[in-house]
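Per-entry structural report
Listed below are the residues making up each chain.
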Amino acid sequence: MTTPRIVILGPQGAGKGTQAGFLSRRFRIPHISAGDLLRAEARRGSPLGQRIARIIDRGRLVPDELMSSVVRARLRRRDAKRGWIVDGYPRFRQQAKTFNRFARPNVVVVLTLSDQQAVRRLVGRRVCPNGHVYHIRHHPPKQKRGYCDHDGLPLHQRDDDTPVAIRRRLRWHHQQTDPLIDEYRRQNLVLEVNAHPPIKAVYRHLLEVLKNIPWLSSRLKKK
Ligand code: AMP
């Protein structure tokens, strides 16, 4: 049986992490977030973690070899044998080339969102230290305001969610990720989903397009 090896792409604020989380539960495969892997390493406070923390805080990109080795180590873990969904990696063609040396996606989900909407969403984003993501208006915590529903930890705004850092990332996204999407499109791997509607509507649409892939549709029916 083919295992789902999904890459999810789209600008910051498109809801990649949220939709990847839904798909992860639906397919029972791990959701591997490049940003979360890096933040986990940064929290460890090792020399490597400190180096990563400095890069992230400035809104810069972690070097290719470092990024790929972190993702590679994660994909080697047992739970990733049944498939995976990777979010936040690869972001540009060089990273995709490196990625191809140790893993090959068979579906690339592209979430589309205007820049204006992306900025609006990101300034309202709040996260817990374990990476669960909320939005003050669109997706507030249900149990206690300002606290994570999953682990009760206080939510905060990420250092790199300031308007200046967001606009820098969006500019970069268009320059670097658009050509990557074009390349995956040429390989016939891309499924595009409009990310403007509310979260649940985007997810429904995403499932509809995934059902058009014969080997994935049988896995979706089995649930
Ligand atoms: P994210 O949680 O996806 O917004 O990522 C947070 C930060 O981690 C980014 O601003 C980068 O500094 C770093 N990062 C995440 N993904 C990558 C990647 N694919 N390549 C290099 N750096 C990355």
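Here, every reference points to the structure presented above.
Residues numbered from 1 in each chain as written. Predicted model: local features only at pLDDT ≥ 70, side-chain atom pairs only at ≥ 80, totals over all residues. Heavy atoms only, no water.

**What to know about the environment of Gln-157**
Note the following rule: Only DSSP runs of H or I reaching four residues or more are called helices, and only runs of E reaching two or more are called strands; each is numbered from the N terminus. In what follows, a contact means two residues having at least one pair of non-hydrogen atoms within 4.5 Å. Contacts described as polar in this section are N or O atom pairs within 3.5 Å, which, within protein, must combine one atom able to donate a hydrogen with one able to accept it, while residues neighboring in sequence count only if both atoms come from side chains.
By secondary structure assignment, the location of Gln-157 is in the loop between strand 6 (133–135) and helix 7 (163–186). Dropping the residues within four chain positions of it, Gln-157 is found in contact with Val-123, Arg-125 and Arg-126. There is a polar contact of 3.2 Å between the side chain of Gln-157 and the backbone oxygen of Val-123.

**A few points about the pairing of strand 3 (residues 84–87)**
To be explicit about the condition: Burial classes: relative accessible area under 20% of the type maximum marks a residue as buried, over 50% as exposed, and values in between as partly exposed (1.4 Å probe, protein chains only). Here, strands pair whenever DSSP counts at least two bridges between them.
Neither face of strand 3 is left uncovered, since the one carrying Trp-84 and Val-86 and the one carrying Ile-85 and Asp-87 both have all their residues buried. Inspection of the sheet shows strand 2 (residues 31–33) paired to strand 3 by three bridges, in the parallel sense. When the sheet's bridge partners are listed, Ile-32 is paired in strand 3 with Val-86.

**Concerning the packing of aromatic side chains**
What counts, and what does not: Think of it this way: a Phe, Tyr or Trp ring, Trp meaning its six-membered ring, pairs with another when their centres are within 6.5 Å, and the plane angle makes it stacked under 30 degrees, edge-to-face over 60, tilted otherwise. As a reminder, the over-ring test applies to NZ of lysine and CZ of arginine, requiring each to be within 6 Å of the ring centre and within 35 degrees of the ring normal.
By the definition in use, this model includes five aromatic pairs. Judged by centre distance (4.8 Å) and plane angle (50 degrees), the ring pair of Phe-22 and Tyr-203 falls under tilted. With Phe-22 in helix 1 (residues 16–27) and Tyr-203 in helix 8 (residues 199–211), the pair connects residues that are 181 residues apart, well separated along the chain. Residue Phe-22 shares its accessibility class with Tyr-203, and that shared class is buried. Plain terms: the ring middles of Phe-99 and Phe-102 are 5.5 Å apart, the flat faces sit at 80 degrees to each other, and that makes the pair edge-to-face. In this structure Phe-102 comes out as partly exposed when scored by relative accessible area, which is 21%. Across from the ring centre of Tyr-147, 4.2 Å away, lies the NZ or CZ of Lys-144, which sits over that ring.

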